[in-house]
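Given next are the chains, with one letter for each unit.
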Amino acid sequence: MNKTLLVCLAAASVAAAGARAGEMFPFVIPGLDTPSKNSIADVAWLNDAPAGKHGFVSARDGRFVDGRGKRLKFLATNFTFGSCFPDHDTADKLAARLASLGINCIRFHHTDNQSAPRGIWKAGTPKKNEFDPDQLDRLDYFIAALKRHGIYANINLHISRNYWEGEDFADGLTDHERREQLPHYGKGVDKINDQMIRMQRDYARALLGHVNPYTKAPYAKDPCVAIVEINNENPLLQLKVAALPDYYRNDVLTTWNAWLKARYGSAGKLVAAWGGSAPLGDNLLPAKCATQGGENFHVVTDGSGETRVSLRKLPAVNWHAQLHWTGLTLDEGKLYTVEFAARSDAPRKLPLSTRLQKADWHNCGLSETAELTPQWNTFSHTFRGTRVEPGTVRFDFVLGDGPVGDFHIKNLTLCPGGTLGLKPGESIAAGTVGSGERSVGTPRGLDWTRFLAGTERAYTDGMRAFLKKDLGVRANIIDTQASYGGIAGTYRESFNDFVDMHAYWQHPHFPGRPWDGNNWRIQNTPMVAAKDTGNLMRLAAYRVAGKAFTVSEYDHPAPSHYAAEMFPMIASFAAVQDWDGFFQFDWGGTDGNDGKINGYFALQQHPGKLAFLPGAALMFRRGDVAPARGTACLNIPAGQVEKLAAENVSMTEAWKKADVEPRDCLTHRFNVRFTRGGELEADKTKTGGSQVALDAEAALYTVDAPAAKAVVGRCTGKTTTLGSAEFDVKSNSRNFASITLNAADGKPVAASKRLLLVAAGNIENTGMGWNADHTSVSRNWGSAPTICEGIAARVTLATQLKSAKVFVLNASGARSGEVPSTLADGKLTFAIGPQFKTLWYEIAP
């Protein structure tokens, strides 16, 4: 083992002698080249090679362990599309490079989307139902190369394959109609449609039963395969049945009606369970409505009460254009009916809802969509008030779905009373009962959620049994990510081997066509300034007691000026929460030496992310940052899961109901437990604490552990002291810095012998074409090389060393110069700055 002390410092610029603060300089960290021999930036020694040498990875007592029972934590990344199939020479280089960065698992994603060379399917065939032998060989060799370097595999099954591209379907639709009318990649439908489920099993059998000639084992029984994911971001619980083509909608509704018949047996029992009636009262809506995003539309109401809305332009987000009636008082559980007539010059969908008119803006019982045509139609929706507060409920129309043009509304009322139950033409005997997907807060809506949740759990149980028993899969299995399906989704995953989540900080938003490279935005603010802790609470909220926990997609996408905060924050927080793995998304192709950031997520071309990986590996994988001392357990009665899901209560809302605040996740290890009875409540230890802290008001995140230090956020223009380390970071234009310090030998910083200092502020390509508010570069990503904002900081370290030097490291991690320093009275002091034209430094005797 390389007995090395690593210090990683990525910071916004600080004035240093001989350099101008904020100066940009070229710096490209090679994507395929491994660091020079004995480089401090090489932490491949963390990997116990080959992967699986001690047996299969299993989940035991809420942790991943190898065959010896020794704990494993995964610091990982994703390979997607064509990058999953490198040539043999590139595969060898990639495996070595990934190991050097501290990566020990790869998630293979979007392999099923395209034909060769971008996917696994054989090119030139009429259907995507045959693996391309050359692509399969490349995948086999890559996984074998990773295995040799101690890197495990996470194999995804259904990600982005359109089923109809693999087989014919008797749905009477063209491929174009399927792409336009079905959910992307058949998601949700494929958990209830028998043909799609059979196709999933065929794919799994073909891939996991395939023997890798380079490892001599089928993937089902290769100990280097640690994880198998059945689906990616795929919940049945969020399926919009009303929008499905007839063939698939009837498929779902036939199953739904069979479920109702099995549950109730007769129409009388069903009506009794769903019914409810009260006389209509007076209209509760005020005469005038308020508007949001009025610059996008114009409203005129004539003397008869008819309102004409002229939508002039589409907002960036549909709900940025609204009509709403505020200040309403609804009673919990009481019946209400909304009724109005409407028409539109062109067909349009008009969402309407009741919701709280303050954060967190949750739904209060009504969630519907009126489909407007050029003819007048009357719409009537009865609901029960749900999760209401006096005087703080609003009724709204969301206008921004388009198209641009005029539509008209008249005779709008919201009155107490109404009737629930079977609608005209519905019969349980005839199997004609419609869905309850828009019946929030009603018995029909609750039964609909019960049906979807139970059907999905049965699907998951069946797929898991098929993989484990029929195929003999030894890897750890999940269905999909826990938040997909809300609390019921987390409950679904609680029966699997582990629980997984995804999160992005300010994912690109595409206001027009999805993934339109000409038309996208990022907010471009640092997560460290998020008052609600950003992704930290959103992820911690979903850990299930007794289950290993991973985050298989995570990123702070480019071209954010603050991407350097990502690894220091997520690695230390994952350690505090005692998670079992996190996967950056994604590596970004196999051309690692083109010298520029190639997209929103590309890791291998982003110096501000790559530079932090060695320190992140030490903080998280080896445990240099300790778990939080406090614990908080959210107890959710299993019998309430479907009711909470039907009411759209999110997991973070459930924590709030139990009086646990987002900031508690910094001092307490969070987990959720589904109980047999009791109430929704949290057990939180009175005392907590951890080695991380977040001051959201000051936008400052710190880590203070014996072998790891970090300063992240608005730390410029002041000095931050963390035990034996002091960081004097001077002011810059963005007032932002991200600083980490790690000891490779695990000793306290003052007792360690070598340090790696990494300084990276804003990172971008040469000539990147920003818009005025720095929220997009459209397609103007610029060219090589990547350029880095200069960092100037004065660092003072307490040390037991009798002599020490501070070396400048080049992009490959080799020493290329020296930084002046002084060592006196047990303190080493030196100043870094942009004049050294590097992101990292080494401190050694």
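See the structure shown above.
Residues numbered from 1 in each chain as written. Predicted model: local features only at pLDDT ≥ 70, side-chain atom pairs only at ≥ 80, totals over all residues. Heavy atoms only, no water.

Caption draft 1: Structural view of the side chain of aspartate 580. By secondary structure assignment, the location of aspartate 580 is in the loop between α10 (566-577) and β28 (581-584). A distance of 3.0 Å separates the side chain of aspartate 580 from the side chain of arginine 71, its partner in a polar contact. Contacts of aspartate 580, omitting those with residues within four sequence positions, involve Gly62, Arg63, Phe64, Arg71, Leu72, Lys73, Phe74, Arg543, Ala548, Phe549, Thr550 and Phe620. (Helix = DSSP H or I, 4+ residues; strand = E, 2+ residues; numbered from the N terminus. Polar contact = N/O pair within 3.5 Å; in protein donor to acceptor, adjacent residues only side chain to side chain. Contact = heavy atoms within 4.5 Å.)

Caption draft 2: Spatial organisation of the sheet that holds strand β15 (residues 297-301). Taking strand neighbours across the sheet as the criterion, the five strands line up as β15-β16-β23-β18-β21 in an open arrangement whose pairing is antiparallel. The outermost strands of the open sheet, each flanked by one partner alone, are β15 and β21 (377-384). Strand-to-strand twist in this sheet, taken as the mean axis angle between neighbours without regard to direction, amounts to 25 degrees. Direction of pairing for strand β18 (residues 335-344) relative to strand β23 (residues 405-416): antiparallel, over a ladder of eight bridges. Bridge pairing in β23 places tyrosine 336 opposite proline 416. (Pairing = 2+ DSSP bridges. Axes fitted to C-alpha atoms, helices over the stretch in contact; angles between N-to-C directions.)

Caption draft 3: View of the pairing of strand β19 (residues 348-356). Most of β19 sits inside the fold, with seven of its nine residues counted as buried. Where β19 meets strand β20 (residues 363-372), seven bridges bridge the pair, whose relative direction is antiparallel. Bridge pairing in β20 links lysine 349 to glutamate 371. Connecting the antiparallel pair β19 and β20 is a turn made up of six residues, with tryptophan 361 showing a positive phi of about 60 degrees. For β19 and strand β22 (residues 393-398), the ladder comprises five bridges, and the chain directions are antiparallel. Paired with leucine 352 across the bridge in β22 is phenylalanine 397. (Buried < 20%, exposed > 50% of the residue type's maximum accessible area, 1.4 Å probe, protein only.)

Caption draft 4: Structural view of the pattern of salt bridges. Considering all chains together, one arrives at 51 salt bridges under this definition. Of the charged contacts, one joins arginine 71 and aspartate 580 as a salt bridge, the two residues approaching to 3.0 Å between their closest N and O atoms. Placement of the pair is arginine 71 in strand β6 (residues 71-72) and aspartate 580 in the loop between α10 and β28, with a sequence separation of 509 residues. Of the residues examined, aspartate 580 reaches a relative accessible area of 0% and is grouped as buried. (Salt bridge = Lys/Arg side-chain N within 4 Å of Asp/Glu carboxyl O.)

Caption draft 5: Examining the side chain of glutamine 577 more closely. Within the element layout of this structure, glutamine 577 appears in helix α10. A distance of 2.8 Å separates a polar atom in the side chain of glutamine 577 from the backbone oxygen of histidine 668.

Caption draft 6: Structural view of the sheet that holds strand β39 (residues 763-766). Read across the sheet, three strands follow the order β3-β40-β39 without closing on themselves; strand pairing throughout is antiparallel. The open sheet has two free edges, formed respectively by β3 (24-26) and β39, since each of these has just one partner strand. Mean inter-strand twist for the sheet, computed between neighbouring axes without regard to direction, equals 40 degrees. Both β39 and strand β40 (residues 783-789) contribute to a ladder of four bridges, which runs antiparallel. Opposite asparagine 765, over in β40, you have threonine 786 as the bridge partner.

Caption draft 7: Molecular detail of the environment of glutamine 604. With respect to the secondary-structure elements, glutamine 604 resides in the loop between β28 and α11 (607-610). Exposure remark for glutamine 604: the relative accessible area of 0% places this residue in the buried category. Along the backbone, glutamine 604 and valine 225 are 379 residues apart, and their C-alpha atoms lie at a distance of 23 Å.

Caption draft 8: Highlighting unusual backbone geometry. The step from alanine 116 to proline 117 runs through a cis peptide bond, and the omega angle for that step is 10 degrees. Considering the arrangement of structural elements, one finds proline 117 in the loop between β8 (105-109) and α2 (133-148). Between alanine 558 and the following residue, proline 559, the backbone shows a cis peptide bond with an omega angle of 5 degrees. On the secondary structure map, proline 559 appears in the loop between β27 (548-555) and α10.

Caption draft 9: Here's a closer look at the environment of valine 672. In this structure, valine 672 sits in strand β30 (residues 668-675). Given the relative accessible area of 0%, valine 672 is considered buried. Taking the C-alpha atoms as reference points, valine 672 and tryptophan 655, 17 residues apart in sequence, are found 9.3 Å from one another. The residues contacting valine 672, other than those within four sequence positions of it, are Ala541, Arg543, Val544, Ala545, Leu634, Ile636, Met651 and Trp655.

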